[in-house]
Amino acid sequence: MTTFASDNHSGAHPEVLAALAAAGTGHQVSYGRDAFTARLQDVFREHFGDAAQTYPVLNGTGANVVALQAACDRWGAVVCADTAHIHVDECGAPEKVAGLKLLAVPATNGKIKIADVRREAWGFDDEHRARPQAVSLAQSTELGTVYTPAEIRAIADLAHEHGMLLHLDGARLANAAAHLGVPLRAFTTDAGVDVLSFGGTKNGMVLGEAVVVLNPALNRGMDYLRKSSMQLISKMRFVSAQFLAMFEDDLWLRSATHANAMATRLADQVRDLPGVTIPHPVQANAVFIRLPEPALAELHAQFTFHDWPTGEARWMTSFDTTPEDVDALAKATRAALTR
Ligand SMILES: Cc1ncc(COP(=O)(O)O)c(C=O)c1O
């Protein structure tokens, strides 16, 4: 069954599964001192530059919590969008586990504006206010939009001017790269990002994400932060081997490009139907759509997808969504609206 609920509902790519199986024989040193993880350091450096230091972790929430702790002191605050996963979908983990205050600012299409960052950039030496020490952007965003390299550069420059650092939640970084059509480093390393996560799970891995430190000063204590945040994997070779498979023949980019194309195909087929509003640009692998209630109910009876608290349905595509899946949903939508 293919669903449109989440890219987390998809299985794993056969090339990833084959790599996992191949990594499964023999002994390797545990906790990241294995041959796969050593090779992974080199592969990430090819994409993010020579200073990149990569820390495989288990999941996206953990990646964010580890990365934000690296960027902030215990008394720090993080400026983020009010739609950010770290703010609305992590059960308060950045506050609870990292002890950080989140300064959520209103997002437009899931994106923060530079003026909102500026508005929060104050009170750096006042112990009554948690010190703003980082800005966190999701790339691509929770609403399926993508920051341009110039937008990221402008926010990085402002953050740095104020002694703050820039974090990217890259659970869907691959989808952003696929949309922008530029190398990963063009909107990360070269745009002033200090630390990011690179998502694997949503793009066809069984599980696994990586925290990538681009600003060398942030490597201090990272091994300890990852362990004390419960993100140190004993048999790390299995996450690293999956990432190596993702970078083999650019599987990460092929998969994300396909998922994005499926979302565009879907949006293009329903955009002009009567009663439909697509409120956000469709740039990655999500389509948010407003539909009249009866049509929505009819589609829920046939397909699995989530309704968003803001009133839209969210249709997500994956590396394994087929054009036939998309066309079936578009056809059913057309039928439900013209009945
Ligand atoms: C933007 C974003 N960041 C991070 C995550 C990571 O979540 P998890 O902890 O479930 O791997 C998700 C998952 O939905 C996400 O959408």
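As the structure is a computational prediction, the values presented were derived from the model and not from experiment. Within each chain, residue numbers correspond to sequence positions counted from 1 in written order. With pLDDT at 70 or above as the cut-off, local features in this predicted model cover only qualifying residues; side-chain atom pairs require 80 or more to be listed or tallied, and sums for whole chains, interfaces and linings still use all residues. Excluded from the side-chain calculation are hydrogens and water; included are all heavy atoms of the structure.

1. Some thoughts on the domain arrangement of the chain
What counts, and what does not: Segmentation into domains, and thus their bounds, comes from an automatic or database assignment. We call two residues in contact whenever any of their non-hydrogen atoms come within 4.5 Å of each other. Each of two parts loses accessible area, computed with a 1.4 Å probe, when they are put together; buried area is these two losses added. One side-chain nitrogen of Lys or Arg within 4 Å of one carboxyl oxygen of Asp or Glu is enough to make a salt bridge. Under this definition, polar contacts are N or O atom pairs within 3.5 Å; protein pairs additionally need one hydrogen-donor-capable and one acceptor-capable atom, and for neighbouring residues in sequence, both atoms have to be side-chain atoms. Helix and strand labels come from DSSP, where a helix needs a run of H or I of at least four residues and a strand needs a run of E of at least two; each type is numbered from the N terminus.
Split into domains, the chain comes out as domain 1 (15-249) and domain 2 (251-337). Taken over C-alpha atoms, the centre of domain 1 sits 27 Å from the centre of domain 2. With 25 residues of domain 1 at the interface, the matching set in domain 2 holds 21 residues. Interface of domain 1 and domain 2: buried area, both sides summed, is about 1,900 Å²; carbon and sulfur atoms make up 55% of it. Run the count over domain 1 and domain 2 and you get one salt bridge. When the shortest N-O distance is used, the salt bridge between Arg254 and Glu15 registers 3.2 Å. One can count 14 residue pairs in polar contact (both at pLDDT 80 or more) joining domain 1 with domain 2. When residues of the side of domain 1 that touches domain 2 are traced back to their parent elements, those giving at least two are α1 (14-22), α8 (173-180) and α10 (237-247). The dominant element in the side of domain 1 that touches domain 2, judged by the number of residues it contributes, is α8, at five residues.

2. Looking at a nonpolar patch on the surface
For clarity, the cut-off: Like charges are joined within 9 Å and nonpolar side chains (Val, Leu, Ile, Met, Phe, Trp, Tyr) within 5 Å, but only among residues with over 30% relative accessible area and no salt bridge; these make up the patches. All accessibility values rest on the Shrake-Rupley procedure with a 1.4 Å probe; residue burial counts only the protein chains present in the view.
Judged by side-chain polarity, Leu17, Leu58, Val206 and Leu207 come together as a nonpolar surface patch covering roughly 300 Å² of accessible area. Among the structural elements, Val206 can be located in the loop between β6 (195-199) and β7 (209-213).

3. Remarks on the pattern of salt bridges
Heads up, the rule is: Burial classes follow relative accessibility: with a 1.4 Å probe on protein chains only, a residue under 20% of its type's maximum area counts as buried, one over 50% as exposed, and anything between as partly exposed.
Taken as a whole, this structure holds 14 salt bridges when the rule is applied. Asp7 is paired through a salt bridge with Arg172; the nearest N and O atoms lie 2.7 Å apart. Here Arg172 lies in the loop between β5 (165-169) and α8 and Asp7 lies in the segment before α1, a separation of 165 residues in the sequence. The same class applies to Asp7 and to Arg172, which are both buried. Here Glu120 and Arg129 are joined by a salt bridge, their closest N and O atoms 2.5 Å apart.

4. Some thoughts on the pairing of strand β10 (residues 313-316)
Our working definition: DSSP calls a pair of strands paired once it identifies at least 2 bridges connecting them.
Going residue by residue along β10, you find Ala313 and Trp315 tucked away on one face and Arg314 and Met316 tucked away on the opposite face as well. Strand direction decides the pairing type here: strand β8 (residues 286-289) and β10, joined by four bridges, are antiparallel. Bridge pairing links Ala286 to Met316 in β10. Bridge analysis of strand β9 (residues 306-307) against β10 gives two bridges, and the strand direction is antiparallel. Within β10, the residue paired with His306 across the bridge is Arg314.

5. As for the state of the cysteines
In plain terms, the rule: Here, a disulfide means two cysteine sulfur atoms that sit within 2.5 Å of each other.
Under the counting rule described, the total for this entry stands at zero disulfides. Left unpaired, Cys72 is separated from the closest cysteine sulfur, that of Cys80, by 11 Å. For Cys72, a relative accessible area of 11% translates into the label buried.

6. Thoughts on the nonpolar core
We count it as follows: Side-chain atoms within 4.5 Å link the members of a nonpolar core, which is a set of buried Ala, Val, Leu, Ile, Met, Phe, Trp, Tyr and Cys residues.
Phe48, Val135, Phe198 and Val211 are the most contacted members of the largest nonpolar core, which has 80 residues in total. With seven residues, helix α3 (residues 60-71) is the largest single contributor of residues to this core. In this structure, this core is formed jointly by two domains, domain 1 (15-249) and domain 2 (251-337), each of which donates at least three residues. Other than its neighbours up to four places away in sequence, Phe48 contacts Leu173, Leu184, Arg185, Thr188, Thr189, Leu196, Phe198, Val212 and Leu214. Counting 26 residues, the second largest nonpolar core, distinct from the first, contains Ala267, Leu291, Ala295 and Ala332.

7. Remarks on the site of the ligand
Formally: In these notes, residues near a molecule or strand are those with any non-hydrogen atom within 4 Å of it. Only Asp, Glu, Lys and Arg are considered charged, only Ala, Val, Leu, Ile, Met, Phe, Trp, Tyr, Cys and Pro nonpolar, and every remaining residue, Gly among them, polar.
Neighbouring the ligand are the residues Asn59, Gly60, Thr61, Asn64, His85, Glu90, Glu142, Asp169, Ala171, Arg172 and Lys202. A distance of 3.4 Å separates an oxygen atom of the ligand from a polar side-chain atom of His85. When the ligand sits alone it has 400 Å² of accessible area, and the protein chains cover 79% of it. Split into classes, the residues belonging to the shell around the ligand amount to one nonpolar, five polar and five charged.

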